[in-house]
Amino acid sequence: MPGNFDVVIIGGGINGCSTALELSSRGVKVALIEKDNIGDGPTGKSSAIIRQHYSNELTARMAHYSLGVFQNFSDEIGGECGFRRTGFVALVEAKDQAGLEENVRLQKGVGIRTELLPPESLREIFPAMETADLVAAAWEEDSGYADPYLTVNAYAQAARRAGAQIMTNTAVTGIRQQGGKVQGVTTTAGDFVAPIVVNCAGAWGAQVARMGGLEIPLHACRIQVSFFKRPPGHEAPHPVVVDFINATYFRSETGNLTLVGLVDPAEANAIVDPDHHSEGVDTDFILDTGERLIKRYPAMERSDSAGGYASLYDITPDWHPIVDEAAPDSGFFLCCGFSGHGFKLGPATGRMTAERILNVSQPLFNPYLFRLSRFAEDQPVRGRYEYSIAG
Ligand SMILES: Cc1cc2nc3c(=O)[nH]c(=O)nc-3n(C[C@H](O)[C@H](O)[C@H](O)COP(=O)(O)OP(=O)(O)OC[C@H]3O[C@@H](n4cnc5c(N)ncnc54)[C@H](O)[C@@H]3O)c2cc1C
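No experiment lies behind these values; they were computed from the predicted model shown.

What counts and how
Residues numbered from 1 in each chain as written. Predicted model: local features only at pLDDT ≥ 70, side-chain atom pairs only at ≥ 80, totals over all residues. Heavy atoms only, no water. Core = buried A, V, L, I, M, F, W, Y, C linked by side-chain atoms within 4.5 Å. Buried < 20%, exposed > 50% of the residue type's maximum accessible area, 1.4 Å probe, protein only. Helix = DSSP H or I, 4+ residues; strand = E, 2+ residues; numbered from the N terminus. Contact = heavy atoms within 4.5 Å. Near = heavy atom within 4 Å. Polar contact = N/O pair within 3.5 Å; in protein donor to acceptor, adjacent residues only side chain to side chain. Areas by Shrake-Rupley, 256 points an atom, 1.4 Å probe, with all protein chains shown as cover. Pairing = 2+ DSSP bridges. Axes fitted to C-alpha atoms, helices over the stretch in contact; angles between N-to-C directions. Expected span 1.5 Å × (residues − 1). Phe/Tyr/Trp six-rings, centres within 6.5 Å; stacked < 30°, edge-to-face > 60°. Salt bridge = Lys/Arg side-chain N within 4 Å of Asp/Glu carboxyl O.

(A) The nonpolar core, seen in detail. Counting residues in hydrophobic clusters, the biggest one holds 51 residues, and the most contacted among them are Val-7, Ile-9 and Val-198. If you list the elements that add at least two residues to this core, you get β1 (7-10), α1 (14-24), β2 (30-33), α3 (57-71), α7 (148-161), β13 (196-199), β20 (332-336) and α10 (346-357). If one sorts the elements of this core by residue count, α3 sits on top with 7 residues. Each residue touching Val-7, except ones within four places of it in the same chain, is listed here: Leu-23, Val-28, Lys-29, Val-30, Ala-31, Ala-194, Ile-196, Val-198 and Ile-357.

Next comes the structure, spelled out in structure tokens:
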């Protein structure tokens, strides 16, 4: 299929596929190139939690908009995303109480249905939850989680229906440029000609940027999740919980399982080669997450481990993405560095990136906050918690 296109997108995760759909449905001739299969990368391994609790207006608006897409997925995109509305709760200790309250004010201001809840109300929502140590909690009744593999493949199908050409099992090996402008890409299936190339390569984002002669501050980091089988009497799904006190998050998974991960800035230290890293879970991680889970959900003392796996975050220094053109009029765009919270933002990110590429004068989401130069300017995106992953 090599040929001439308006835009070549590198990467078939949620952001590449969402951008492909947004561009194709505006009449742009798009080729999306994925080295494996659609969603085989970190998107397909995502915990796919869809919450709106963010510290910045832009990310809160993006999460809110995207939730609307997940809620009406078959009408908006077509196909299934497996969205389950379980509700979401964020739990903090005293030092983060003011930040939580400020976040909830900000979120309400952009139309998010969220509220501060006292421990006794939380026990009504999730009776098995330990609340003795809680100072403050924020609740979102509309949030939950989706099936990331279904979602990304539905996006790819929708992009195809809108006219995008999607090449799988094809790796981009070079970005061709002349006089500082992109000419297209070289791949294992031949050359694609296009004046615009978009780097949606996630954990491979720095590698792909280097093909275009650009160094970006992005690392592939190995991230683990574990599963525990809930004991008898706990078969019903529970809300998604982000427990900043025990630095964990957990949600229900099919098969009467609870999926657990960490919200720990130290995860940024687990830098690996994205092509060579262990995809299994460590026994230590299972033991550690199990102990943390029991602190919040004591009945899980009677649970059995059901294993886990490891995948990759594409982490930037401020845990926020880069959505920008590498240099003015270069035609080389970046949409990567989502640092462990990019699945839920995917629908909005596709729109943001497409509107940036098309130079829409009043975009729905202005990506200025995510400009590449913020790192050199020492103007990182700041959240209200030390737990950067919360955004
Ligand atoms: C364990 C885990 C849990 C997570 N939980 C959540 C969560 O609960 N909520 C949330 O919002 N986010 C979560 N995330 C983060 C979220 O999944 C990611 O931010 C998002 O999926 C990134 O999507 P992407 O499209 O940018 O990149 P990716 O999914 O990484 O896709 C990039 C694609 O580019 C391809 N590629 C790379 N190099 C090349 C090349 N040279 N040629 C062709 N193709 C190439 C790769 O094969 C890959 O498929 C989680 C991530 C992980 C790993």
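(B) The site of the ligand, seen in detail. Around the ligand, the surrounding shell holds 38 residues, and the nearest of these are Asn-15, Glu-34, Thr-43, Ile-49 and Lys-344. At 3.1 Å from a nitrogen atom of the ligand is found a main-chain nitrogen or oxygen belonging to Ser-47. Take Lys-344: an N or O atom from its side chain is 2.7 Å from an oxygen atom of the ligand. Contact with the protein chains removes 98% of the 1000 Å² of surface that the ligand exposes when unbound. The set of elements that each furnish at least two residues to the shell around the ligand consists of α1, α2 (42-45), α8 (205-211) and β18 (304-315).

(C) Representation of the sheet that holds strand β9 (residues 165-167) in the model. With mixed pairing, 6 strands are arranged side by side in an open sheet as β9-β2-β1-β13-β20-β19. Either end of the sheet is taken by a strand with one partner, and the two such strands are β9 and β19 (322-325). Averaged over all pairs of adjacent strands, the angle between strand axes in this sheet comes to 15°, irrespective of strand direction. Pairing analysis gives 4 bridges linking β1 to β2, with the strands arranged parallel. Bridge pairing in β2 links Val-8 to Ala-31. On the sheet, α1 packs against β1, β2 and β20 and is oriented at approximately 170° with respect to β2.

(D) Local environment of α10. For α10, built from 12 residues, the straight-helix expectation of 16 Å at 1.5 Å per residue is met to within 8% by its first-to-last C-alpha distance of 16 Å. In terms of burial, α10 is largely enclosed, as 10 of its 12 residues are buried. Of the residues making up α10, those classed as buried are Gly-346, Pro-347, Ala-348, Thr-349, Gly-350, Met-352, Thr-353, Ala-354, Glu-355 and Ile-357. The first or second residue beyond α10 is Asn-359, which carries a positive phi of 55°.

(E) Structural detail: the pairing of strand β15 (residues 240-243). Of the two faces of β15, the one carrying Val-240 and Val-242 and the one carrying Val-241 and Asp-243 are both buried. When strand β5 (residues 88-92) meets β15, the two strands line up parallel, connected through 4 bridges. Of the residues in β15, the one forming a bridge with Phe-88 is Val-240. Examined bridge by bridge, β15 and strand β16 (residues 248-253) share 3 bridges and lie antiparallel to one another. What sits directly across from Asp-243, in β16, is Thr-248.

(F) Seen up close, the packing of aromatic side chains. The tally for this structure, following the rule as stated, stands at 9 aromatic pairs. When the centroid spacing of 5.8 Å and the interplanar angle of 75° are considered together, the rings of Phe-73 and Tyr-155 count as edge-to-face. Here the residue Phe-73 occupies a position in helix α4 (residues 73-76), and Tyr-155 occupies one in helix α7, the gap between them amounting to 82 residues. Tyr-155 shares its class with Phe-73; the two are buried. Taken together, the aromatic side chains of Phe-70, Phe-73, Tyr-155 and Phe-343 make up a single cluster linked through ring pairs.

(G) Spotlight on the pattern of salt bridges. Overall, the coordinates contain 20 salt bridges when judged by the stated rule. One salt bridge in this structure joins Arg-113 and Asp-142, with 2.8 Å as the shortest N-O distance. In this pair, Arg-113 is assigned in the loop between α5 (97-109) and β6 (115-117) and Asp-142 in the loop between β7 (136-140) and β8 (144-145), connecting sequence segments 29 residues apart. On the accessibility criterion, Arg-113 (47% relative accessible area) is partly exposed. For Asp-142, a relative accessible area of 11% corresponds to the buried category. Two residues, Asp-133 and Arg-296, come together in a salt bridge whose shortest N-O distance is 2.8 Å. Linking Asp-133 in the loop between α6 (119-125) and β7 with Arg-296 in helix α9 (residues 283-296), this pair joins segments that are 163 residues apart in sequence. Here Asp-133 falls in the partly exposed class, since its relative accessible area comes to 36%. By relative accessible area, Arg-296 is classed as buried at 0%. Through salt bridges with shared partners, a single ionic network connects Glu-22, Arg-26, Arg-351 and Glu-355.

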